[in-house]
Amino acid sequence: MMKRGYVLLVAALVSGCEKPHPPSSVTDDWQTLLGKADARRGADVWQRGPQAGGKACQSCHGPAGQAIDAEPAPRLTGQDRLYLARQLSVFARSQRQYHTMQILGRTLSPQEIADVVTWLAQARAPAAALPALDPRLVAAGGALYGRGDGGRNIPACAGCHGTDGRHPTEAGTPYIAGQPTFYLTEALTDLRARTRVPDSDGQNMFSAAHNLSNSDIAALAAYLASLAPAATGPGRTPPAPRPIPSDHLPKPTSRSAG
Ligand code: HEC
Ligand code: HEC
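Residues numbered from 1 in each chain as written. Chains lettered and ligands numbered in written order. Predicted model: local features only at pLDDT ≥ 70, side-chain atom pairs only at ≥ 80, totals over all residues.

Visitor: Can you walk me through the overall build of the protein in this structure?
Guide: Along the backbone of the protein there are 12 helices and zero strands. Ordered by position from the N terminus, the helices and strands of the protein form the series α-α-α-α-α-α-α-α-α-α-α-α. Residues counted as buried form 36% of the 258 residues belonging to the protein. (Helix = DSSP H or I, 4+ residues; strand = E, 2+ residues; numbered from the N terminus. Buried ≥ 20, exposed ≤ 12 C-beta atoms within 10 Å, placed from the backbone.)

Here it is as structure tokens:
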């Protein structure tokens, strides 16, 4: 026993630097980081991507985090910042899968995450145009959303996400009103299948999604997509990004050489 433990310890020490490190963006101490977050630095990350290199967030999520048509991305404008920070960790650990987001989740530093989600939480943007929706689905989804279904062990979604889907009852719970139907369908299907792991405080969503049928999911997605999202009003304008420091600009390439 002892010997085996010793061998394992030595092996761990020797191979220490070759082993893949846990992604540095994974932390359980978001409250401290969010406490010293700077929305202006976050705006830089939003517009130019992580300091360490990588895609700019706005290229897929839109200039103020509103969902844009060309990308299968959700609306992030005005979203709960603790929820967003935790999702970036969940991507970094590959417990939720979308290639670019997994890479970005690992590249961003914890403070960059705290900064960018703070910027997003303060952002405002108009809602996307209302999609064409089947009114019967919308009505069925509204009933399930508001009351749940005790007989089938489905809780009322409104209890946590707010009666209008815009005012969650606790920090760490997202607003879900006004998200695109395909995104809501995918999120609920993945949570039901447990292929998208909620953060440690979000385990509630596993049980909420567990007994949903495909038609429940279609109805809930239609209902939620019919509602206005959060943060559509003028509100507080997030700070504009700072001018780009020259050492941050892409270096000119020497294509002409040779
Ligand atoms: C290549 C396009 C692309 C880029 C660039 C991108 N995202 Fe995403 N992002 C997506 C897509 C698509 C999803 C939804 C993935 C899914 O279906 O699970 C997503 C999901 C997210 C989520 C989870 C939202 C939720 O409601 O659960 C967060 C947070 C997020 N992105 C933040 C960022 C930040 C911050 C950056 C910049 C550092 C960024 N994204 C850059 C495409 C992108
Ligand atoms: C007990 C509280 C609770 C209840 C009840 C609940 N949710 Fe959630 N929901 C959460 C939390 C917390 C999260 C964040 C989970 C995570 O970490 O992934 C979440 C996440 C979600 C998401 C993902 C949002 C995104 O941007 O990707 C959707 C969609 C959702 N819930 C829909 C529903 C629906 C529909 C119901 C009712 C059937 C419901 N929820 C019931 C707490 C709850």
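The discussion continues.
Visitor: Looking at this structure, I do not really get unusual backbone geometry. What am I missing?
Guide: Phi is mostly negative for residues that are not glycine, and the peptide bonds are mostly trans. One non-glycine residue, asparagine 153, lies in positive phi territory at about 60 degrees. Structurally, asparagine 153 is set in the loop between α8 (135–147) and α9 (158–161). According to the C-beta neighbour criterion, asparagine 153 is exposed, with 11 such atoms within 10 Å. One non-glycine residue, alanine 231, adopts positive backbone phi at about 60 degrees.

Visitor: So what exactly am I meant to see when it comes to the nonpolar core here?
Guide: Generally speaking, soluble globular proteins have nonpolar side chains that are buried together. In terms of nonpolar packing, the biggest core is built from 53 residues, with Leu220 and Leu224 touching the most fellow members. Looking at this core, the elements that each hand over two or more residues are α3 (39–48), α5 (81–92), α7 (110–122), α8, α10 (181–193), α11 (204–210) and α12 (214–226). When we break this core down by domain, the ones giving at least three residues each are domain 1 (21–122) and domain 2 (135–248). In contact with leucine 224, not counting residues within four places along its chain, are Gly165, Ile176, Ala177, Gln179 and Leu184. (Core = buried A, V, L, I, M, F, W, Y, C linked by C-beta atoms within 7 Å. Domains from an automatic or database assignment. Contact = placed C-beta atoms within 7 Å.)

Visitor: Looking at this structure, I do not really get the site of ligand 1. What am I missing?
Guide: Within the structure, ligand 1 sits among 25 residues, and Lys55, Cys57, Cys60, Ala73 and Tyr98 are positioned closest to it. Of all the secondary-structure elements, those providing two or more residues to the shell around ligand 1 are α4 (58–61), α5 and α6 (99–107). (Near = placed C-beta within 6 Å.)

Visitor: Sorry if this is basic, but what is going on with α7 here?
Guide: Because each turn of an α-helix spans 3.6 residues, side chains separated by three or four positions in sequence point in the same direction. Taking 1.5 Å per residue, 13 residues should reach 18 Å; α7 reaches 19 Å between its end C-alpha atoms and fits that length. For α7, the buried fraction is high: 11 of the 13 residues fall into the buried class. If you check which residues of α7 are buried, you get Pro110, Glu112, Ile113, Ala114, Asp115, Val116, Val117, Thr118, Trp119, Leu120 and Ala121. On the buried face of α7, the contacting elements are α2 (30–35), α3 and α5. (Expected span 1.5 Å × (residues − 1).)

Visitor: Would you take a moment to explain the environment of arginine 106 for this structure?
Guide: Relative to the helices and strands, arginine 106 resides in helix α6. On the basis of neighbour count, arginine 106 is assigned to the buried category, with 22 C-beta atoms found within 10 Å. Counting along the chain gives 18 residues from arginine 106 to leucine 88, while the straight-line C-alpha distance between them is 8.3 Å.

Visitor: When you look at α12 in this model, what are you seeing that I'm missing?
Guide: In this model α12 runs 18 Å from its N-terminal to its C-terminal C-alpha over 13 residues, within 8% of the 18 Å that 1.5 Å per residue would give. Turning to α12, its buried residues are Ile217, Ala219, Leu220, Ala221, Ala222, Tyr223, Leu224, Ala225 and Ser226. Among the structural elements, α8 and α10 are those in contact with the buried residues of α12.

Geometry only, nothing functional implied.
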